[in-house]
Amino acid sequence: GPKVLQIPSHQIIDMGQMVTLNCDPVSNHLYFYWYKQILGQQMEFLVNFYNGKVMEKSKLFKDQFSVERPDGSYFTLKIQPTALEDSAVYFCASSFAGNYAEQFFGPGTRLTVL
Amino acid sequence: GDSVTQTEGPVTLSEGTSLTVNCSYETKQYPTLFWYVQYPGEGPQLLFKVPKANEKGSNRGFEATYNKEATSFHLQKASVQESDSAVYYCALGDRGGNYKPTFGKGTSLVVHP
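Everything numeric in this text was worked out from a predicted model, so none of it was measured. Residue numbers restart at each chain and count upward from 1, following the sequence in its written direction. Chains and ligands are labelled by the order in which they are written, letters from A for the one and numbers from 1 for the other. The predicted origin of the model limits local features to residues at a pLDDT of at least 70 and limits the giving and counting of side-chain atom pairs to 80 or more, whereas totals for whole chains, interfaces and linings rest on all residues. Side-chain measures here rest on the full set of heavy atoms in the structure, leaving out hydrogens and waters.

1. Some words on the interface of chain A and chain B
- Any two residues having at least one pair of non-hydrogen atoms within 4.5 Å are treated as being in contact. With 20 residues of chain A at the contact, the number on the chain B side is 21 residues.
- Buried area between chain A and chain B, summed over both chains or domains, comes out near 1800 Å², and the portion from carbon and sulfur atoms is 57%.
- Identification of polar contacts relies on pairs of N or O atoms within 3.5 Å, with a donor-acceptor requirement for protein atoms, meaning one able to donate a hydrogen and the other able to accept it, and with residues adjacent in sequence counted only if both atoms are side-chain atoms. The tally of links between chain A and chain B comes to four residue pairs in polar contact (both at pLDDT 80 or more).
- The helix count covers DSSP runs of H or I at least four residues long, the strand count covers runs of E at least two residues long, and both are numbered beginning at the N terminus. Of all the secondary structure elements, the ones that give two or more residues to the side of chain A that touches chain B are β4 (31–37), β5 (43–50) and β6 (53–57) of chain A. Two parts placed together each lose some accessible area under a 1.4 Å probe, and adding up what both lose gives the buried area.

Spelled out as structure tokens, the structure:
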């Protein structure tokens, strides 16, 4: 079936540095999402993106976070600067339609902030 | 806004026993209802979805019926296996202008051999 890829699978960085998480969504999908999952906890919505714009974001989507998808390439989540509490697994998802369509999730990027 | 409430985990069962994970929802729209499953170390994946009231979805022995009157979508399986150990998320998506599905908090299922 369709697959969402995430690069890298694991990233370790020092607090205060910038990090970019990359997502290669399903090719004909139009809606893109990021979720955050702290180890052992539930998955939580961060942001969704459509037509070049952020449509909705949660309170977890701090000012240090940004998303973009320049020229139909990777859908990225940038954190600048990082904080210790940003350590988590970040899942990217995409869907062809909006909220009533199936989301396809990537395998996640494990971010460790030291 | 929309909301989804599901059984708080972890749910611990022995192989061969039956499973029910409750899911209740609130929305002003007519939603599509989903069950997703997340196996350890992976992203969630769709188990099944049901777009219409009074219909049943099923996959891999799991099933749920869209009960619009009761606003419920309970997940059931007659006989669980150790490989069913995972986190199960109930979700809804409506056509009312929201751009994202609403997920429940997830229910962790642990099945012992």
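And the narrative resumes.
2. Comments concerning the state of the cysteines
Residues and elements named next belong to chain A.
- Criterion for a disulfide: a pair of cysteine sulfur atoms within 2.5 Å. The full count for this structure, using the stated rule, is two disulfides over all chains.
- Here Cys23 is linked by a disulfide to Cys92, with a sulfur-sulfur distance of 1.9 Å. What sets the handedness of the Cys23 and Cys92 disulfide is the S-S torsion sign, and at about -65° it is left-handed. Of the two residues, Cys23 sits in strand β3 (residues 19–24) while Cys92 sits in strand β9 (residues 88–95), which places them 69 residues apart along the sequence.

3. Some words on the sheet that holds strand β7 (residues 56–59) of chain B
All names here are of chain B.
- For two strands to be treated as a pair, DSSP must find no fewer than two bridges joining them. Here four strands make up an open sheet; going across it, the order is β3-β9-β8-β7 and the pairing antiparallel. If you trace the sheet from one side to the other, it starts and ends with β3 (19–21) and β7, each paired once. Strand-to-strand twist in this sheet, taken as the mean axis angle between neighbours without regard to direction, amounts to 20°.
- The pairing of β3 with strand β9 (residues 75–77) spans three bridges and is antiparallel. Across the sheet, Val21 pairs through a bridge with Leu75, a residue of β9. In this analysis an axis means a line fitted to C-alpha atoms, helices contributing only their contacting stretch, and an angle means the value between N-to-C directions, from 0 to 180 degrees.

The values are spatial; any link to function lies outside them.
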